[in-house]
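Now for the letters of each chain:
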Amino acid sequence: MRVEYEAIVKAGFILQIDDAWLPALWDRIGMAMGLPAFKKRSLMRVEALNHALRNIAQDRIRYHLCWGSWHGPHAFDIEMSDFVDVMLKVKAQAYSFEGANARHEHEYAVWER
């Protein structure tokens, strides 16, 4: 994806990386792995992303993280407090994450700690 990312920025746009799968995999594979192993797996994916972003200045990158979208309850989503450190490893100037549903409306409080 590096070539595509660089072309977007070269065209004068800000690149936004939308990542709905990183935390959404928690209830599919992460819970069985346990938090330390899941975070280690997630950090490997972040390293790969950062490698693809290596030639782009951070002020041209935004990173959006969410818990995925499917027709069903988000009963087992990972808490942002357990995952914010992984999100912040992404080479970006700005970050956004979902807080629009009742399951995650309190997640903004992670910045208070």
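Being a predicted model, the structure only gives us computed values, none of them experimental. (Residues numbered from 1 in each chain as written. Predicted model: local features only at pLDDT ≥ 70, side-chain atom pairs only at ≥ 80, totals over all residues. Heavy atoms only, no water.)

Q: How should I be thinking about the nonpolar core in this particular structure?
A: Inside soluble globular proteins, nonpolar side chains tend to come together where they are buried. Membership of the largest hydrophobic core comes to 27 residues, with the highest contact counts inside it found for Tyr5, Leu53, Tyr63 and Met80. At the level of elements, helix H1 (2-10), strand E1 (15-19), helix H4 (35-52), strand E2 (61-65) and helix H5 (84-87) are the ones that each hand at least two residues to this core. With 4 residues, H4 is the single largest residue contributor to this core. For Leu53, the contacting residues outside a window of four places in its chain are Tyr5, Leu15, Ile17, Ile61 and Lys91. (Core = buried A, V, L, I, M, F, W, Y, C linked by side-chain atoms within 4.5 Å. Buried < 20%, exposed > 50% of the residue type's maximum accessible area, 1.4 Å probe, protein only. Helix = DSSP H or I, 4+ residues; strand = E, 2+ residues; numbered from the N terminus. Contact = heavy atoms within 4.5 Å.)

Q: Which parts of the structure should I look at to understand the confidence of the model for the protein?
A: As a note on interpretation, predicted positions should not be read in detail where pLDDT is low. Summarising the model, the protein shows a mean pLDDT of 90, and 96% of its residues fall at 70 or more. Mean pLDDT values for the elements of the protein range from 88 in helix H2 (residues 21-24) up to 98 in H1. (pLDDT = per-residue confidence, 0-100.)

Q: Explain the pairing of E1 to me, please; I cannot follow it from the model alone.
A: Side-chain direction in a regular strand flips from residue to residue, so the side chains alternate between the two faces of the sheet. Side chains Leu15, Ile17 and Asp19 project from E1 onto a buried face, and the interleaved Gln16 and Asp18 project onto a face without burial. The pairing of E1 with E2 spans 5 bridges and is classified as parallel. The residue bridging Gln16 from the neighbouring strand is Arg62, located in E2. (Pairing = 2+ DSSP bridges.)

Q: Which parts of the structure should I look at to understand the side chain of Ser42?
A: Inspection of the secondary structure puts Ser42 in helix H4. With residues near it in sequence (within four places) discarded, Ser42 still touches Leu22, Phe83 and Val86.

Q: Honestly, the packing of aromatic side chains in this entry has me stumped. Any pointers?
A: For any two aromatic rings, the description comes down to two numbers: the centre-to-centre distance and the angle of the planes. In this structure the tally under the stated criterion is 3 aromatic pairs. Note on Trp26 and Phe38: the rings are 5.3 Å apart at their centroids and 65 degrees apart in plane angle, and the pair reads as edge-to-face. Linking Trp26 in the loop between H2 and helix H3 (30-33) with Phe38 in helix H4, this pair joins segments that are 12 residues apart in sequence. A single burial state applies to Trp26 and to Phe38, both of which are buried. (Phe/Tyr/Trp six-rings, centres within 6.5 Å; stacked < 30°, edge-to-face > 60°.)

Q: So what exactly am I meant to see when it comes to a nonpolar patch on the surface here?
A: Nonpolar side chains collect at one region of the surface, where Leu88, Tyr108 and Trp111 lie side by side and expose about 360 Å² of accessible area between them. With respect to the helices and strands, the residue Trp111 is situated in the segment after strand E3 (94-97). (Patch = residues over 30% accessible without salt bridge, like charges linked within 9 Å, V, L, I, M, F, W, Y side chains within 5 Å. Areas by Shrake-Rupley, 256 points an atom, 1.4 Å probe, with all protein chains shown as cover. Salt bridge = Lys/Arg side-chain N within 4 Å of Asp/Glu carboxyl O.)

Q: What is the right way to look at the pattern of salt bridges in this model?
A: Two side chains bearing opposite charge may form a pair once their charged atoms approach each other closely. Enumeration according to the criterion identifies 3 salt bridges in this entry. A salt bridge links Arg2 to Glu6; the shortest N-O distance between them is 3.2 Å. Within this pair, Arg2 and its partner Glu6 are both found in helix H1, separated by 4 residues, close to a single helical turn. Of the residues examined, Arg2 reaches a relative accessible area of 28% and is grouped as partly exposed. Taking the relative accessible area as the measure of exposure, Glu6 reaches 23% and is therefore partly exposed. When the shortest N-O distance is used, the salt bridge between Arg28 and Asp27 registers 3.0 Å.

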